[in-house]
Amino acid sequence: MVCGPLGDRIGRKRVLAATMIMMAVSAFAVGFLPTYNTVGFAAPIPLLICRLLQGFSTGGECAGATTSIAEYAPDTRRGFLGSWLDFGTFVGYALGSGLVTLLTAALGDKRPGGLGLAAAVPRRRPVFMAGSATMIVLAAPAVLRIRAGGSCCLPSDA
């Protein structure tokens, strides 16, 4: 409802790059959010805003990527190549769930005072910041090339 018409008007590459940056910036911001001990009851509000931005950008990113694949894939391979988007999503879910299951089995589910998986939760900040900063650094040159009227990564641009 937002990213599709915007992609038709200003270009799918620009919208796809913008949604990727929006996802990375909102994930990066999660690393800087205050904890409940710092601000109390208001702590979940900025987290909710970041997660809403992530959801919005995911919706635009998925639709834009699917449309780009459908436009640039050969007619005989369009369904197969388009299916890799969903396959990658489901593999990511499975790997994430498996990792949490393995860590919980290995470390136990002790409270934050112990050595279990729950103790690692406050240390999540470097993960959000490092991963998101990497995405911003990788996507920024593509956004700058697109804004300058240059090419990005789609086959028709080469």
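Residues numbered from 1 in each chain as written. Predicted model: local features only at pLDDT ≥ 70, side-chain atom pairs only at ≥ 80, totals over all residues. Heavy atoms only, no water.

### What to know about the overall build of the protein
A tally of helices and strands in the protein yields six helices and zero strands. Tracing the protein from N to C terminus, the helices and strands come up as α-α-α-α-α-α. Among the 158 residues that make up the protein, the fraction classed as buried is 20%. Put simply, 61% of the contacts in the protein that link residues at least 6 apart link residues at least 24 apart. When the accessible surface of the protein is split by element, carbon and sulfur atoms take 71% of a total near 10600 Å². (Helix = DSSP H or I, 4+ residues; strand = E, 2+ residues; numbered from the N terminus. Buried < 20%, exposed > 50% of the residue type's maximum accessible area, 1.4 Å probe, protein only. Contact = heavy atoms within 4.5 Å. Areas by Shrake-Rupley, 256 points an atom, 1.4 Å probe, with all protein chains shown as cover.)

### Re the layout of surface pockets
In this structure, the largest pocket encloses a volume near 360 Å³. Secondary-structure elements contributing two or more residues to the lining of the largest pocket are α2 (12-30), α4 (44-72) and α5 (78-107). In terms of residue class, the lining of the largest pocket is made up of eight nonpolar, two polar and two charged. (1 Å grid on protein atoms, 1.4 Å probe; cavity = no way out; pocket = protein on both sides within 12 Å on 5 of 7 lines; lining within 4 Å. Points joined across faces, edges and corners; volume = space filled by probe spheres on them. Nonpolar A, V, L, I, M, F, W, Y, C, P; charged D, E, K, R; others polar.)

### Let's talk about the pattern of salt bridges
According to the stated counting rule, one finds one salt bridge in the structure shown. Note that R78 is salt-bridged to D75, the shortest N-O span being 2.7 Å. For D75, a relative accessible area of 64% translates into the label exposed. (Salt bridge = Lys/Arg side-chain N within 4 Å of Asp/Glu carboxyl O.)

### Brief notes about the environment of L33
Tracing the chain through its elements places L33 in the loop between α2 and α3 (36-39). Exposure remark for L33: the relative accessible area of 11% places this residue in the buried category. Remark: the alpha-carbon pair of L33 and P46, spanning 13 residues in sequence, is separated by 7.0 Å.

### Notes on the packing of helix α1 (residues 3-10) against α2
Remark: α1 packs on α2, axes separated minimally by 7 Å, with the N-to-C direction vectors making an angle of 135°. Relative to α2, the element α1 lies oblique. On the side of α1, the interface is formed by C3, G4, L6, G7, D8 and I10, while α2 contributes R12, R14, V15 and T19. Here the contact of α1 with α2 is composed, by residue class, of four nonpolar, three polar and three charged. (Axes fitted to C-alpha atoms, helices over the stretch in contact; angles between N-to-C directions. Parallel < 35°, antiparallel > 145°, perpendicular 65-115°, else oblique.)

### Comments concerning a nonpolar patch on the surface
Together, F80, L81, W84, F87, V91 and L95 make up a nonpolar patch on the protein surface, roughly 580 Å² of accessible area in all. Here L81 shows up in helix α5. A relative accessible area of 31% places L81 in the partly exposed class. (Patch = residues over 30% accessible without salt bridge, like charges linked within 9 Å, V, L, I, M, F, W, Y side chains within 5 Å.)

### With respect to the confidence of the model for the protein
The predicted model of the protein has a mean per-residue pLDDT of 76, with 72% of residues at 70 or higher. Here residues 154-158 is modelled with pLDDT under 50, and outside its nearest four sequence neighbours on either side it reaches eight contacts, counting other chains as well. (pLDDT = per-residue confidence, 0-100.)

### Focus on α2
The first and last C-alpha atoms of α2 sit 27 Å apart over 19 residues, in line with the 27 Å expected at 1.5 Å per residue. Within α2, burial applies to V15, L16, A17, T19, A24, S26, A27 and V30. (Expected span 1.5 Å × (residues − 1).)

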